[in-house]
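# Descriptive structure summary
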Amino acid sequence: MVLEVGREEGVLELTLSRPDALNAFTAELHGEIAAALKDARKPDVRAVIITGAGRAFSAGQDLAEAQSSSFGPGERLRRYYNPNLRAIRALEKPVLAAVNGVAAGAGVGLALACDIRIAAEKASFVPAFIGIGLVPDSGLSWTATRVLGPAQAFDWLVSGRRLTAAEALANGLVHEVAEDALERARERARELAAAPGDAVGLTKRLIGAALANSFDEQLELERQLQQLASEHPAYMERVAAFLQKQPTGAR
Ligand code: T3D
């Protein structure tokens, strides 16, 4: 097994576990991630954490495997990377990246595909593609452009420059820097797992659609999803709790 899978209190924890190769992606690792993401769709899973074993989050594509493979990057992306990245974006539950150490290439892509990113103080972010003559993939040209804006994204991605955790925070690439990224991600995941799950998932759907939609389209989507959210028992229960001056979970 190259992916450790744990589950506690509705939080599914996935640990990329090829520490000797800095958790670089192989076909085997992609396969185990795919199976775990399928598991994550079960109703008792309410949040997912992705992290890495050892000193890295992930160094991206395993270059030894790429060199000996009978097919090229385009086919690897089609078979392995893109389905898993789509599964993360389509999962209507929060996915947190606990970036415990260096993330390079597709490792950065994976982190940015997650909804919340918490970096360890020693973490760093290396858009390594350019160093080996490749273009950004694993969604990074999309996510980095949305987070940084086109000018900064281009500059960073073609420079290959390593960003420290502090720089990543200053640029909005991560939400938080913590001494122990995994512990902090567990805290956040437990909070999110305790929130009304449908509303969290539907909010992910709304935010995912927002940049492609016009204002009018987004108003209509909000209207539809609000109606859906209000049909969940959590809505009436929490409104009643508020009116009886009991805690609702809002802070
Ligand atoms: O082809 C396709 O499928 C298309 C998809 C592409 C997606 C991509 O991710 S392209 C980018 C691929 N990744 C890289 O180019 C990054 C390569 N690694 C590095 O630049 C550095 O290792 C790091 C900046 C990540 C960390 O540097 P450092 O100095 O902390 O560690 P190191 O000494 O370089 O690496 C430690 C070990 O991990 C070393 O093995 P050894 O000597 O101890 O046996 C090294 O070879 C191995 N390692 C690191 N990255 C990879 C790797 N092994 C295989 N593939 C790797 N990507």
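Details of the structure are given in the entry above.
Residues numbered from 1 in each chain as written. Predicted model: local features only at pLDDT ≥ 70, side-chain atom pairs only at ≥ 80, totals over all residues. Heavy atoms only, no water.

Right, let's get into the overall build of the protein. A tally of regular secondary structure across the protein gives 11 helices and 10 strands. Taking 18 Å as the expected radius of gyration for a compact globule of 251 residues, we find that the protein reaches 19 Å, a close match to that expectation. C-alpha extents for the protein along the principal axes are approximately 65 × 40 × 35 Å. Burial analysis of the protein (251 residues in total) assigns 43% to the buried set. Taking the intrachain contacts of the protein between residues at least 6 apart in sequence as the baseline, contacts between residues at least 24 apart amount to 70%. Split by element, the accessible area of the protein, about 13200 Å² in all, is 56% carbon and sulfur. Side chains of the protein carry 28 positive and 31 negative charges; the gap between the two charge centres is 2 Å. (Helix = DSSP H or I, 4+ residues; strand = E, 2+ residues; numbered from the N terminus. Rg over C-alpha atoms; globule rule 2.2 N^0.38 Å. Buried < 20%, exposed > 50% of the residue type's maximum accessible area, 1.4 Å probe, protein only. Contact = heavy atoms within 4.5 Å. Areas by Shrake-Rupley, 256 points an atom, 1.4 Å probe, with all protein chains shown as cover. Lys, Arg positive; Asp, Glu negative; His and termini not counted. Charge placed at Lys NZ, Arg CZ, Asp CG, Glu CD.)

Before going further, it helps to spend a moment on the packing of aromatic side chains. Geometry of an aromatic ring pair is reported as the spacing of the ring centres plus the angle between the planes. Enumeration according to the criterion identifies 2 aromatic pairs in this entry. Both rings, one in Phe25 and one in Tyr81, keep their centres 5.7 Å apart while their planes meet at 75 degrees; by these two values the pair is edge-to-face. On the criterion of sequence distance, the pair formed by Phe25 in the loop between strand E2 (11-16) and helix H1 (27-39) and Tyr81 in helix H3 (residues 73-90) is long-range, its members being 56 residues apart. Accessibility classification places Phe25 together with Tyr81 in one group, the buried group. Taking the centre distance of 6.4 Å and the plane angle of 40 degrees together, the rings of Phe71 and Tyr80 count as tilted. A relative accessible area of 22% means that Phe71 is categorised as partly exposed. Directly above the ring of Phe71 sits Arg79, whose terminal nitrogen or CZ lies 4.1 Å from the centroid. (Phe/Tyr/Trp six-rings, centres within 6.5 Å; stacked < 30°, edge-to-face > 60°. Lys NZ or Arg CZ within 6 Å of the ring centre and 35° of its normal.)

Moving on to the site of the ligand. Around the ligand sit 21 residues, and of these Arg55, Gln61, Leu63, Arg76 and Ala106 come closest. Here Arg76 contributes a side-chain N or O atom positioned 2.5 Å from an oxygen atom of the ligand. Ala106 has a polar backbone atom sitting 2.8 Å from an oxygen atom of the ligand. Calculation on the ligand without its partners gives an accessible area of 1100 Å², and the protein chains cover 65% of this total. For the shell around the ligand, a count of residues per class yields 12 nonpolar, 3 polar and 6 charged. (Near = heavy atom within 4 Å. Polar contact = N/O pair within 3.5 Å; in protein donor to acceptor, adjacent residues only side chain to side chain. Nonpolar A, V, L, I, M, F, W, Y, C, P; charged D, E, K, R; others polar.)

This part takes up the sheet that holds strand E1 (residues 3-8). One open sheet accounts for 6 strands, arranged E1-E2-E3-E5-E7-E10; its pairing is mixed. Only two strands of the sheet have a single neighbouring strand rather than two, namely E1 and strand E10 (176-178). When strand polarity is set aside, the average angle formed by the axes of neighbouring strands in this sheet is 20 degrees. Direction of pairing for strand E5 (residues 95-99) relative to strand E7 (residues 116-120): parallel, over a ladder of 4 bridges. The residue bridging Ala98 from the neighbouring strand is Ile118, located in E7. Docked against the sheet, H1 engages E1 and E2, running at close to 20 degrees with respect to E1. (Pairing = 2+ DSSP bridges. Axes fitted to C-alpha atoms, helices over the stretch in contact; angles between N-to-C directions.)

Scope: geometric values only; no functional claims are made or implied.
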